[in-house]
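# Commentary on secondary and tertiary structure
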Number of protein chains: 4
Amino acid sequence: MKNKDCKTPYDIFRQRVNIIIHGVNTPAGRLFDIILLFVILLSVFLVMLESVESLDIIYHDFFIISEWIITIFFSIEYILRIISSRKPLKYIFSFYGIIDLISILPMYLSFFIPSTKILTVVRALRLLRLFRILNLVQFSGQASQLKLAINASKTKIIVFIYFVFIISILLGAVMFVVESPESGFTSIPTSIYWCIVTLTTVGYGDIAPITPLGKIIASFIMILGYGIIAVPTGIVTAELASGRKTRTLLPGACKKCGTNDHRNTAEFCYKCGAFLEE
Amino acid sequence: MKNKDCKTPYDIFRQRVNIIIHGVNTPAGRLFDIILLFVILLSVFLVMLESVESLDIIYHDFFIISEWIITIFFSIEYILRIISSRKPLKYIFSFYGIIDLISILPMYLSFFIPSTKILTVVRALRLLRLFRILNLVQFSGQASQLKLAINASKTKIIVFIYFVFIISILLGAVMFVVESPESGFTSIPTSIYWCIVTLTTVGYGDIAPITPLGKIIASFIMILGYGIIAVPTGIVTAELASGRKTRTLLPGACKKCGTNDHRNTAEFCYKCGAFLEE
Amino acid sequence: MKNKDCKTPYDIFRQRVNIIIHGVNTPAGRLFDIILLFVILLSVFLVMLESVESLDIIYHDFFIISEWIITIFFSIEYILRIISSRKPLKYIFSFYGIIDLISILPMYLSFFIPSTKILTVVRALRLLRLFRILNLVQFSGQASQLKLAINASKTKIIVFIYFVFIISILLGAVMFVVESPESGFTSIPTSIYWCIVTLTTVGYGDIAPITPLGKIIASFIMILGYGIIAVPTGIVTAELASGRKTRTLLPGACKKCGTNDHRNTAEFCYKCGAFLEE
Amino acid sequence: MKNKDCKTPYDIFRQRVNIIIHGVNTPAGRLFDIILLFVILLSVFLVMLESVESLDIIYHDFFIISEWIITIFFSIEYILRIISSRKPLKYIFSFYGIIDLISILPMYLSFFIPSTKILTVVRALRLLRLFRILNLVQFSGQASQLKLAINASKTKIIVFIYFVFIISILLGAVMFVVESPESGFTSIPTSIYWCIVTLTTVGYGDIAPITPLGKIIASFIMILGYGIIAVPTGIVTAELASGRKTRTLLPGACKKCGTNDHRNTAEFCYKCGAFLEE
């Protein structure tokens, strides 16, 4: 369908936009990435500040105006991304496409939904754009090695978390039987919550055992938690130590599975289906 | 005693039940496993919700009826397991056999014991059926490798926990001498409890040192706990790292000791006596 | 000086006592060790219970009588140890000799010092006898391997703790400047104490930042603490992993430095001077 | 410019001072180092005690006098360091030069600024001299090996911390939406602070979820935090384990980058520009 020899002006425009948005090697592409990075950070920062009631009262108008400016900026970016994409629908329904849409919708919805309360909450969805930064900032090598090690030890860590969860349910039920509701162990779910708080060594202290037997069991849970923290650590370390010797991620390789013999025009990894960002 | 050529209808029924309950490769066997998994999870979920007083008041009748349905389901499963087992007594007195019995008894006992209070607690014993899920969900490979590493480092971790315990007793006694009862250090056992809470970096804050000397000793205990957490981690990691190189669990191997040259009809590992689940 | 051919009855008595106290291979020696183990644990248990005021009021007489029985038992053991030792003075001034003496003195002192208050505290010194159990219970192999790894990484861990301490002083001073005394940061030492509590992820919550800037710095300290916990773990793990390959402790080897070519009559390691317990 | 054959008395004085201040091998140099070490520790100790209000009221005059003595001692040391340095300006604008100046300035400023309040705070800057001790106390070998491992894994740890931070922002926003302001989640920044407190397993307990959904999400965050603590540990361990095999820091090598073929007269590493302390 596409012909390299005769291009309409629209095709040329699309190609230029493509270079600016997806390209990292041209000055315009770099500038766009840096501006986008700052606007996202600014947007995140504004959402955070807006939630502080004392600030919202004073600077309410300022926040509204900034929100609109950022929304318009993101809207233009969204439209350009759709235009420049070779397969617009694929982008729209991709993970980042949906996030990009979600981050601009709330402000437009504010015309129809008057309540400010709900909107503040919905606006927080814009924070999801932080994921976009993960791709903008290029920790190639280091991050990908980390990702590989974590991916490789994922199954083991899930098995481990599953065991932690079952232990928490059982010990939580025991503590519910042993401790009285006065000390905060009002139900089995609450006891399980306490057990996870203790096992992970967080220890808020909002619920704490009072009876001697409860304290003995709690001590046992703590030492257990202290001991089993070794397991995920051991898993990841063993993976990383072995990873040091053999695996290195080649340029252009899929960040998820490490496959690197993709065609130049490939947009998705032919092995695991992950999106290939340049 | 068993003759392959002439089977009574009961033998055929037993064989079918056996295939359904123990088989994983037939559709019926798979379906049974999935149903069992969901019923156990549902049962666990109900026990948890029942303990929440506000819910129990509203949905009391619903909980009672659900309990009865689940109990009848588990009872049928229990009877089928006894029937299908080649050696019924072995199953009845095995770990899972006892758990299966415990999880159905409380409801039948409710005819004789009227008090609802005690029964709610006893019913929590059904949570033990969660162990059954450990076998249903097959994490073969990953989990068994983990188990082997943990088994191998078990002795070292027990030695380590023993040291932690002695340190806690000694430092607990020191804190009892140093701190006044006003700050919560009312007795040596309480001080030991506090010491374990601190050493494992849980830190509830229900008991905290007030005197300057107490705070200095507490700081020392914390840094100590921060340092010695390295020991169990080191143990498991070293074990896992070395395990990566040599050991792999063959299919059909005993999950406890790794022996894999069992006869096809073997139900228990001939080396360590562990039950061989298919 | 000693002549194997003509022994006085006292020499024979001494030799028998020696076999009972120090020998592990004879039935009498084993029985003595087990009895000693239980008496020490009982003694520790009594000291702990005595400190609980509510129990002390009810069972005061029982505690006093038990104390006396245990004290007499330990006194006899102490005298037998002196008699049976080839070099009594060496035993008396050794680490365990001093602990053994300390654990029996308080009760005899109670004739001269009437105050019960001080004595309860002094009696807690008996807990030090727990160290004796470390030798009674023989974790040979596992424990010694652990000890070697910890000894090898000791210097690095001390360097690490030193850095943690300096960081705590500096960040503690910063938090004192940033936070107001109202939120608990009343002085630099208190701030340092808080900083250690936070850095080691204990987090009592008795002191917590209130101002926004304080919370930002606190977040930074927490993530820092979360990150540097990796260092001691890494040290011990690397040591243990390398230890697996090369070092094994031979029977009769010095538990401290691993030297194993001692003479049969040697009581102290000829290389590091550590006491050679059988 | 310098001529070894004809030295002015000032040159001889400078050389002697140089030997005393920078030399470690001469008795005078060692004595100076030990005295400096103790004066710094004393100075740090005084700053800490001064901040305790109850002590400051009683010993105010004593503190002022001690401060002056220490300030004069440090001033002399500062002047001697400038004199003895071959390139005085380089020292003055070096990291340690600025710290040395900062630690003496506050007392001289007290002539012009009367307020005691501000001065106490400014005086805390003297704590920065603790960095000087890092060089005085020579942990050569152990510390440098640690430093190398930490330097090597720095990038990975920063990537890791960045992920922790993004997760905290997202989960913090979620908790703000889920929990009501009554339970302490008053704004998104506060929620993020709580999320970091939880994820790092510190767990103060000043803010804790109350709603069931909040508790479920909190449990998830805790287990997540418990799991991802494995990552930095794995990084450092893998680095240290591999470091054991290959790298050893030769005497005279740069402590920052390990380069060791410096000229004898070199003051700064020719490769990374770090100051070469003897």
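What counts and how
- Residues numbered from 1 in each chain as written.
- Chains lettered and ligands numbered in written order.
- Predicted model: local features only at pLDDT ≥ 70, side-chain atom pairs only at ≥ 80, totals over all residues.
- Heavy atoms only, no water.
- Helix = DSSP H or I, 4+ residues; strand = E, 2+ residues; numbered from the N terminus.
- Buried < 20%, exposed > 50% of the residue type's maximum accessible area, 1.4 Å probe, protein only.
- Contact = heavy atoms within 4.5 Å.
- Areas by Shrake-Rupley, 256 points an atom, 1.4 Å probe, with all protein chains shown as cover.
- Least-squares fit on C-alpha atoms with pLDDT ≥ 70 in both.
- Buried area = accessible area lost by both parts, 1.4 Å probe.
- Salt bridge = Lys/Arg side-chain N within 4 Å of Asp/Glu carboxyl O.
- Polar contact = N/O pair within 3.5 Å; in protein donor to acceptor, adjacent residues only side chain to side chain.
- Nonpolar A, V, L, I, M, F, W, Y, C, P; charged D, E, K, R; others polar.
- Core = buried A, V, L, I, M, F, W, Y, C linked by side-chain atoms within 4.5 Å.
- UniProt positions renumbered as here; feature names shortened; annotations may be inferred.
- Patch = residues over 30% accessible without salt bridge, like charges linked within 9 Å, V, L, I, M, F, W, Y side chains within 5 Å.
- Expected span 1.5 Å × (residues − 1).
- Phe/Tyr/Trp six-rings, centres within 6.5 Å; stacked < 30°, edge-to-face > 60°.
- Axes fitted to C-alpha atoms, helices over the stretch in contact; angles between N-to-C directions.
- Left-handed = near helix turned anticlockwise from the far one by under 90°.

### Here's the deal with the overall build of chain A
Each helix and strand in chain A was counted, giving eleven helices and zero strands. Ordering the α and β elements of chain A from the N terminus gives α-α-α-α-α-α-α-α-α-α-α. In chain A, which comprises 278 residues, the proportion classed as buried is 46%. Taking as baseline every contact in chain A between residues at least 6 positions apart, the subset at least 24 positions apart corresponds to 57%. Taken as a whole, chain A presents about 14,400 Å² of accessible surface, with 69% of it coming from carbon and sulfur.

### Concerning the relation of the copies chain D and chain A
The transformation that overlays chain D on chain A combines an axial shift of 0.1 Å with a rotation of 90°, and the residual RMSD is 0.2 Å. Overall, the copies show the geometry of a four-fold rotation axis. Of the residues that chain D buries at the interface, just 19% are likewise interface residues in chain A, meaning the two copies contact each other through different surfaces.

### Points about the interface of chain D and chain A
Note on interface size: it is often stated as the accessible area lost on association of the parts. In this complex, chain D contributes 43 residues to the contact, which on the side of chain A involves 45 residues. When chain D packs against chain A, the two sides together hide about 3,900 Å² of surface, and 78% of this comes from carbon and sulfur. On the chain D side of the contact with chain A, Lys156, Ile223 and Tyr226 of chain D bury the most area, a combined 20% of that side's loss. The interface formed by chain D and chain A contains zero salt bridges. Our count for the contact surface shared by chain D and chain A stands at four residue pairs in polar contact (both at pLDDT 80 or more). For the side of chain D that touches chain A, the secondary-structure elements that each account for two or more residues are helix H8 (142–178), helix H9 (188–199), helix H10 (212–228) and helix H11 (230–246) of chain D. Top element by residues in the side of chain D that touches chain A is H8 of chain D. It accounts for eleven residues. Among the residues forming the side of chain D that touches chain A, the class breakdown is 27 nonpolar, 13 polar and three charged.

### Regarding the relation of the copies chain A and chain C
The operation relating chain A to chain C is a screw motion whose rotation component is 179°, with 0.0 Å of axial translation and a residual RMSD of 0.1 Å. Taken together, the rotation and translation describe the operation of a two-fold axis. A symmetric contact is evident, with 100% of the interface residues of chain A recurring at the interface of chain C.

### Some remarks on the nonpolar core
Residues Trp194 of chain A, Trp194 of chain B, Trp194 of chain C together with Trp194 of chain D are the most contacted members of the largest nonpolar core, which totals 225 residues. When sequence neighbours within four positions are dropped, the list of residues in contact with Trp194 of chain B reads Met175, Phe185, Ile207, Ala208, Pro209, Ala218 and Ile221 of chain B together with Tyr204 of chain C.

### With respect to the UniProt feature "transmembrane region" (unreviewed entry) in chain A
Residues and elements named next belong to chain A. With numbering matched to this structure, UniProt assigns "transmembrane region" (unreviewed entry) to residues 31–51, 57–80, 92–113, 157–178, 190–210 and 216–238. Structurally, residues 57–80 comprises 100% helix and 0% strand, and the distance from its first C-alpha atom to its last is 35 Å. Between the C-alpha atoms that bound residues 216–238 the distance is 34 Å, and the span itself is 96% helix and 0% strand.

### A closer look at a nonpolar patch on the surface
All names here are of chain A. Together, Ile72, Ile76, Leu101, Leu105, Tyr108, Leu109, Phe111 and Phe112 give the surface a local cluster of nonpolar side chains, amounting to about 780 Å² of exposed area. At the level of elements, helix H3 (53–84) and helix H5 (95–109) are the ones that each hand at least two residues to the nonpolar patch. Ranked by the residues each element gives to the nonpolar patch, the list is headed by H5, at four residues. Mapped onto the secondary structure, Phe112 falls in the loop between H5 and helix H6 (116–123). Phe112 gets classed as exposed once you look at its relative accessible area, which sits at 67%.

### With respect to the environment of Ile166 of chain D
Its location among the elements puts Ile166 of chain D in helix H8. A sequence separation of 38 residues divides Ile166 of chain D from Leu128 of chain D, and the C-alpha atoms of the two residues are 32 Å apart.

### Here we look at helix H2 (residues 27–50) of chain D
Given a rise of 1.5 Å per residue, 24 residues ought to cover 34 Å, and the 34 Å separating the end C-alpha atoms of H2 of chain D matches this to within 8%. Among the residues making up H2 of chain D, those that are buried are Gly29, Phe32, Asp33, Leu36, Val39, Ile40, Ser43, Val44, Leu46, Val47, Met48 and Glu50 of chain D.

### Quick notes on the packing of aromatic side chains
Evaluation of the coordinates by the stated rule reveals 24 aromatic pairs over all chains. Considering the side-chain rings of Phe62 of chain A and Phe63 of chain A, the 6.0 Å spacing of their centres and the 50° angle between planes classify their relative orientation as tilted. When the centroid spacing of 5.3 Å and the interplanar angle of 70° are considered together, the rings of Phe95 of chain B and Tyr96 of chain B count as edge-to-face. On the accessibility criterion, Tyr96 of chain B (17% relative accessible area) is buried.

### Side note on the interface of chain A and chain C
Each partner contributes residues to the interface: chain A has four residues there, and chain C has four residues. Summing the contributions of chain A and of chain C, the shared interface buries around 180 Å²; its carbon and sulfur component is 35%. The interface formed by chain A and chain C holds zero salt bridges in total. Summed over the shared surface of chain A and chain C, the number is zero residue pairs in polar contact (both at pLDDT 80 or more).

### A look at the packing of helix H2 (residues 27–50) of chain C against helix H4 (residues 60–84) of chain C
Residue and element names in this part refer to chain C. At a minimum axis separation of 11 Å, H2 and H4 run at an interaxial angle of 145°. As for how H2 packs across H4, the hand of that crossing is left-handed. Within the contact between the two elements, H2 uses Phe32, Ile35, Leu36, Val39, Ile40, Leu42, Ser43, Leu46, Val47, Leu49 and Glu50 and H4 uses Phe62, Phe63, Ser66, Glu67, Ile70, Phe73, Phe74, Glu77 and Arg81. Across the contact of H2 with H4, the residue classes tally to 14 nonpolar, two polar and four charged.

### Let's talk about unusual backbone geometry
Look at Thr201 of chain A: it is not a glycine, yet its phi comes out positive at around 60°. Checked against the element boundaries, Thr201 of chain A lands in the loop between helix H9 (188–199) and helix H10 (212–228).

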